[in-house]
Amino acid sequence: METTPFSVRLRTESHDQHTEAETSTFMSDLLGGRLGVDAYARYTEQLWHVYSALEAAWDRLADDPVAGPFVQPELARVPELERDLDFVAPGWRGTAPLAATRAYAERISECAREWPAGYVAHHYTRYLGDLSGGQIIRGTAEKTWGFERKGDGVRFYVFEQISNPAAYKRSYRELLDEVPLDDLEQRRVVDECKRAFALNTAMFHDLGAQFPRTA
Ligand code: HEM
């Protein structure tokens, strides 16, 4: 009988994949201020495709016993991404995703349709990350490309309706711990979480191929 809380399993068992995503060449170059704003814009476009898939599922999943509790409108990122993109990449609408981004978004949609618990793994991997390390990315972007603090360009990283991110993350973890899953299903969701990280890493790889460091 597994007694470790599910939220702890997710965090500890995806730790290596987190490190891999965080230290990918594209992320390191972005955070090291070694890329131009065009790379940041392209990255933000990829996020739009990912979050469009995540949030398009909300209506369908709102009443689902497993994924429903995670449908929280204060997390919505698509409107913020659209404002950021209108600012950093006017004309971005209709641009195709990179191949890895398309595969990532398709997997999210597939889980939303067929496996709500798997969808939760994707939800966790993105939104809890944005509420955590996302704040580091915002600071770097403001400094590197001169965006106004918490303004256009970095609104994606600002959760206007979440006044206390630490408290929010605590209650999010409590929600995870309450998800009705047996041990085997928990294990499958942890695997999907690792897959979600790998899909992010693949997206960074595609971006890195397009934007080799400039300095
Ligand atoms: C260079 C980029 C990144 C940095 C600097 C970073 C940094 C961090 C930090 C410091 C935390 C811990 C915050 C806390 O305990 O409150 C964290 C948590 C997290 N990060 Fe990242 N991260 C990065 C990239 C990513 C990526 C690409 C993803 C996935 C797409 C991700 C997903 C997560 C998740 C899900 C958590 C929450 C872990 C938990 O408490 O359960 N991070 N990150």
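Rules and cut-offs
Residues numbered from 1 in each chain as written. Predicted model: local features only at pLDDT ≥ 70, side-chain atom pairs only at ≥ 80, totals over all residues. Helix = DSSP H or I, 4+ residues; strand = E, 2+ residues; numbered from the N terminus. Rg over C-alpha atoms; globule rule 2.2 N^0.38 Å. Buried ≥ 20, exposed ≤ 12 C-beta atoms within 10 Å, placed from the backbone. Core = buried A, V, L, I, M, F, W, Y, C linked by C-beta atoms within 7 Å. Contact = placed C-beta atoms within 7 Å. Near = placed C-beta within 6 Å. Nonpolar A, V, L, I, M, F, W, Y, C, P; charged D, E, K, R; others polar. UniProt positions renumbered as here; feature names shortened; annotations may be inferred.

Enquirer: Before we go on, may I ask you to explain the overall build of the protein in this structure?
Expert: Secondary structure assignment for the protein yields 11 helices and 0 strands. The C-alpha atoms of the protein give a radius of gyration of 17 Å, which matches the 17 Å a tight globule of 215 residues would have. C-alpha atoms of the protein, sized along the principal axes, occupy 50 × 30 × 30 Å.

Enquirer: Hey, could you run me through unusual backbone geometry in this one?
Expert: A negative phi angle is the norm for most residues apart from glycine, just as the trans form is the norm for most peptide bonds. In the Ramachandran plot, Lys-150 falls in the positive-phi region, its phi being about 60° despite a non-glycine side chain. Mapping Lys-150 onto the fold places it in the loop between α9 (134-145) and α10 (165-178). Exposure remark for Lys-150: the 13 C-beta atoms within 10 Å place this residue in the partly exposed category.

Enquirer: Explain the nonpolar core to me, please; I cannot follow it from the model alone.
Expert: Core analysis: the largest hydrophobic core is formed by 53 residues, its most contacted members being Val-50, Ile-108, Tyr-124 and Leu-207. At the level of elements, α1 (6-13), α3 (25-31), α4 (37-56), α6 (78-88), α7 (99-114), α8 (116-130), α10 and α11 (183-210) are the ones that each hand at least two residues to this core. At 9 residues, α4 tops the list of elements feeding residues into this core. Once residues within four sequence positions are removed from consideration, Leu-207 is found in contact with Phe-26, Ala-39, Arg-42, Tyr-43, Gln-46 and Leu-98.

Enquirer: I'm lost on the site of the ligand in this one. Help?
Expert: Surrounding the ligand, one finds 17 residues, the nearest of these being Arg-11, Ala-21, Gly-129, Ser-132 and Gly-133. Elements with a contribution of two residues or more to the shell around the ligand: α1, α2 (15-22), α3, α8 and α11. By residue number, the principal contributor to the shell around the ligand is α8, which donates 5 residues. In terms of residue class, the shell around the ligand is made up of 8 nonpolar, 6 polar and 3 charged.

Enquirer: Before we go on, may I ask you to explain the UniProt feature "binding site: heme b" (unreviewed entry) in the protein in this structure?
Expert: The positions that UniProt labels "binding site: heme b" (unreviewed entry) are, in the present scheme, Arg-11, His-18, Tyr-124 and Arg-173. In this fold, Tyr-124 is placed in helix α8. Those residues within four positions of Tyr-124 in sequence are excluded, and the remaining contacts are Leu-10, Leu-176 and Cys-193. Arg-173 sits in the partly exposed class, given 18 other C-beta atoms within 10 Å.

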